[in-house]
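For reference, the chains in residue letters:
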Amino acid sequence: MTIRRRLILGGALAAPFITPARAQAWPARSIRLVVPFAAGGAADSAARTVFPRVSELLGQTIVVENRTGAGGSIGAAAVAQAGGDGYTWLFDASSHIVNPSLLRNLPFDYAAFVPVSQVASFPQVIAVKDAFPARTLAELIAAAKARPGELSFGTQGNATAGHLALELFQAQAGIKVTHVPYRGGADAARDLAAGTVDGVLITALSAGPIVQSGRARMLAVTVPERLANWQAVPTLAESGFPGFNMSEWVGLVAPAGTPAPVVARMYGAVAEVLKEQPVRDRLAQLGAVPVGTDPETFGRFLRDGRETMARLVREANIQAN
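Residues numbered from 1 in each chain as written. Predicted model: local features only at pLDDT ≥ 70, side-chain atom pairs only at ≥ 80, totals over all residues. Heavy atoms only, no water.

So, the pattern of salt bridges
- If you walk through the whole model with that rule in mind, you get 13 salt bridges.
- With its nearest N and O atoms 3.3 Å apart, the salt bridge here joins R29 to D85. Separated by 56 residues along the polypeptide, R29 in the loop between α1 (21-24) and β2 (31-35) and D85 in the loop between α3 (73-80) and β4 (88-93) bring together distant segments of the chain.
- Residue classification places R29 among the partly exposed residues on the basis of a relative accessible area of 43%.
- R226 serves as the salt-bridge partner of E238, at 3.0 Å between the closest nitrogen and oxygen. You can see E238 sitting in the loop between β10 (216-221) and β11 (248-254) and its partner R226 sitting in the loop between β10 and β11, a full twelve residues away along the chain. (Salt bridge = Lys/Arg side-chain N within 4 Å of Asp/Glu carboxyl O. Helix = DSSP H or I, 4+ residues; strand = E, 2+ residues; numbered from the N terminus. Buried < 20%, exposed > 50% of the residue type's maximum accessible area, 1.4 Å probe, protein only.)

Rendered as structure tokens:
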């Protein structure tokens, strides 16, 4: 089922940009921003935090449209088919680099999208229920090795960033746990708090409230640096897994054929907004870290990510639901 929810973001006078004349003529009308996930989720919340200010800088209304289904591919297909006139954009997440290896017979090519910017990342954590005896990641690994396949770990869903990070962690740690996919991080966190599962690998945003309540403990974070709000929790890299870096993320792409000056102007507006402290503060409240990479850097990130995810999907034999 496709669920749509629209929010009109008002535009004021645009701040001046030093861009080619072709880009100065854009935008001449409202812009559609497709979020291929449900309203209220991480991607949707980030979009509704960043793009009201982007709308003001560009001087045009931005319509945020939620088009859900098929792991984000329904919304992505709608954007791919819209054409590159600069008036339809896709605000996607990690499924953008997973779906090419997971879904067959897609009516479009994910690699054909034009990268604009990785807007933010949502660091993930390994957490266990309060009753679980492990107090450190090393103790968790020892427990998993002593009971192969018996420990249960929830993620935000099949083939999500949490699931793939869990598969990579298992492979590197030499352990086997039972994966329990949920329909979102909040559901996984709820069951962790109830003791239904032994642990989770979900975003810090989802795990944080139950950890603060004392019903669970964080053992590690999946990004290279400790989190500002959880400085006592070590990274996986610090815990014997050098180079481990897997998080949920959100980023902006455009359909193939979108003019380079238009892409450059949109990137300029996004980059400017991500410098603003109120926006950064709101993203922090969402558990997100502002990124704002340029199109070339984001393009390399997407290419490398597709290769990494293809290997993980193949080696872990992950199948679409």
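A closer look at the environment of S30
- Locating S30 in the fold gives a position in the loop between α1 and β2.
- You can call S30 partly exposed: its relative accessible area is 36%.
- Taking the C-alpha atoms as reference points, S30 and A43, separated by 13 residues in sequence, lie 21 Å from one another.
- The contacts of S30, once residues within four sequence positions are left out, are Q60, T61 and Y87. (Contact = heavy atoms within 4.5 Å.)

Focus on the environment of P107
- By the element assignment, P107 lies in the loop between α4 (95-102) and β5 (114-122).
- Since its relative accessible area comes to 61%, P107 is described here as exposed.
- Taking C-alpha positions, P107 is 18 Å from T88, a pair spaced 19 residues apart along the chain.
- What P107 contacts, discounting residues up to four positions off in sequence, is A77 and Q81.

Note that all results are geometric; they support no functional claim without further evidence.
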